Amino acid sequence: MEEKAAVKKVVIFGATGSIGTQTVDVVKQLGGFEVVGISFGSNIEIASRIMRDLGVEYYFSKKDIGFGKRCQSVDELLEKTSPDIVVCAIPGFEGVKTTFSALRYAKRIALATKEALVCAGPFVKDLARENNVELIPVDSEHSAIFQLYEPHIEKILITASGGAVRDVPLERISELKPSDILKHPTWSMGGRITVDSATMVNKLFEVIEAHELFNLEYGRIDVKINRLSFIHGIVFLKDGVIKIHAGKPDMRIPIAYALTYPERKYHSYVADVEEFDLTLFDVERERYPLFFYGLELTKDNDDLAWRIALNAADEVAVNAFLNREIMFTDIEKVVRMTIEYILKQNISVQSIEDVYEIDNLARSYALNYVEKEVKK
Ligand SMILES: NC(=O)C1=CN([C@@H]2O[C@H](COP(=O)(O)OP(=O)(O)OC[C@H]3O[C@@H](n4cnc5c(N)ncnc54)[C@H](OP(=O)(O)O)[C@@H]3O)[C@@H](O)[C@H]2O)C=CC1
Ligand SMILES: CC(=O)[C@@H](O)[C@H](O)COP(=O)(O)O
Ligand SMILES: [Mn+2]
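How each quantity is defined
- Residues numbered from 1 in each chain as written.
- Chains lettered and ligands numbered in written order.
- Predicted model: local features only at pLDDT ≥ 70, side-chain atom pairs only at ≥ 80, totals over all residues.
- Heavy atoms only, no water.
- Buried < 20%, exposed > 50% of the residue type's maximum accessible area, 1.4 Å probe, protein only.
- Helix = DSSP H or I, 4+ residues; strand = E, 2+ residues; numbered from the N terminus.
- Pairing = 2+ DSSP bridges.
- Near = heavy atom within 4 Å.
- Polar contact = N/O pair within 3.5 Å; in protein donor to acceptor, adjacent residues only side chain to side chain.
- Areas by Shrake-Rupley, 256 points an atom, 1.4 Å probe, with all protein chains shown as cover.
- Nonpolar A, V, L, I, M, F, W, Y, C, P; charged D, E, K, R; others polar.
- Right-handed = clockwise from strand over helix to strand, strands pointing away.

**Focus: the pairing of strand S10 (residues 231–237)**
Part 1: Burial within S10 is extensive, with seven of its seven residues counted as buried.
Part 2: As defined by bridge partners, strand S8 (residues 153–160) adjoins S10 across five bridges and the pair is classed as antiparallel. Bridge pairing links Leu157 to Ile234 in S10.
Part 3: Between the antiparallel neighbours S10 and strand S11 (residues 242–246) lie four residues, among them Gly240 with a positive phi of about 100°.

As structure tokens, then:
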């Protein structure tokens, strides 16, 4: 008789967000997974709904939701729940910190928080190896490459949608407001990543993420625009074979794969040939200056310092933009100036403590720069 697989215990960090709530949908369809704990920021309404709906016992948040068992820290949440899988889906540097916690307790991390690999890729990978933690990407393009991956790779390609600015005349981009930039053409996501799609800082993060996950030199990672986000990733093998990963944009698919890997158990809509969009366009240099600025930096600087500064400054600038304190095009200034400041300090990142220190330094610089030089 076939043995029944044990139910897997899951903790979701960032449960009330776009990835978090889609993870809840997936778990409900799949069966065989029990959400034993969640963390969230301030959305008590959605958190309460998830807790009740799934019968979640533990949570961590600065807010008290009035029922369930509230933990005092992320570490306590992980200690109490002993999860098999942690879904890391908190954006920004807070997401980096909580991913480090997950690396000490989980057997598998379903990683949406790409910032962890951008700011601290080598440390994240070392800890995963030492603690025997499987690191499975959730980011759609990286899930695609992960699913296609085999040795003998010549190069890979990940796609970009082009974000909200892709069809806007260049001279009008600076006028765009948060409500314009938050209209993503293909995906429905949280605020930070949606703005990052428009600057293509998201794609710069993803190039770095692919470099870390698949140990590929930057020169072997290509980016093209696919307007419907129908193609997610392409792997070019040395024997001439090209493998394409495609399908309608739906984050539930990579989330489910990260939970069920190496099996596939999730059911979703299957696109018909009439819906295929296999056309790829070049990324325009003038439209996405930060993306190209960052790509230049990958060429001769493999130290982490500029990457930590990139994330910190972008986080500060995107917040300021969403709060209507700076213009969309000011994001570029804040990020460039902060990276240049950090590069001048000539700090080599040797430890996780250094990562925290540089984040602090870059964040303070960026905040000050926004306040003194760019605020409207
Ligand atoms: N959304 C997507 O399709 C994709 C997202 N990603 C990555 O996944 C991550 C999450 O993105 P997304 O789901 O879109 O983001 P959202 O903004 O939709 O959700 C963020 C979640 O994190 C919580 N949160 C935010 N700040 C804190 C904090 N300081 N402490 C504790 N919890 C916090 C929020 O809580 P609350 O709302 O309750 O305050 C919310 O639950 C990001 O790293 C993003 O780059 C990657 C690929 C695709
Ligand atoms: C869904 C997902 O993986 C996002 O990271 C996506 O890549 C964002 O869209 P852009 O291609 O516009 O950056
Ligand atoms: Mn992506």
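On we go.
**Remarks on the site of ligand 1**
Part 1: The environment of ligand 1 is made up of 23 residues, and the closest members are Thr16, Ser42, Asn43, Glu115 and Gly190.
Part 2: The contact in question runs from an oxygen atom of ligand 1 to an N or O atom on the backbone of Ile19, over 3.0 Å.
Part 3: Its free accessible area being 900 Å², ligand 1 has 81% of it covered by the protein chains.
Part 4: Here the residues of the shell around ligand 1 are counted per class, giving ten nonpolar, nine polar and four charged.

**Quick notes on the pairing of strand S2 (residues 33–39)**
Walk down a regular strand and you will see the side chains alternate between the two sheet faces.
Part 1: For S2, the tally of buried residues reaches six of seven residues, placing the bulk of the element in the interior.
Part 2: Pairing analysis gives six bridges linking strand S1 (residues 8–13) to S2, with the strands arranged parallel. What sits directly across from Lys9, in S2, is Glu34.
Part 3: What joins S1 to S2 is helix H1 (residues 18–30), and the crossover it makes is right-handed.
Part 4: Judged from the three bridges that link them, S2 and strand S3 (residues 58–60) form a sheet pairing that is parallel. Bridge pairing in S3 places Gly37 opposite Tyr58.

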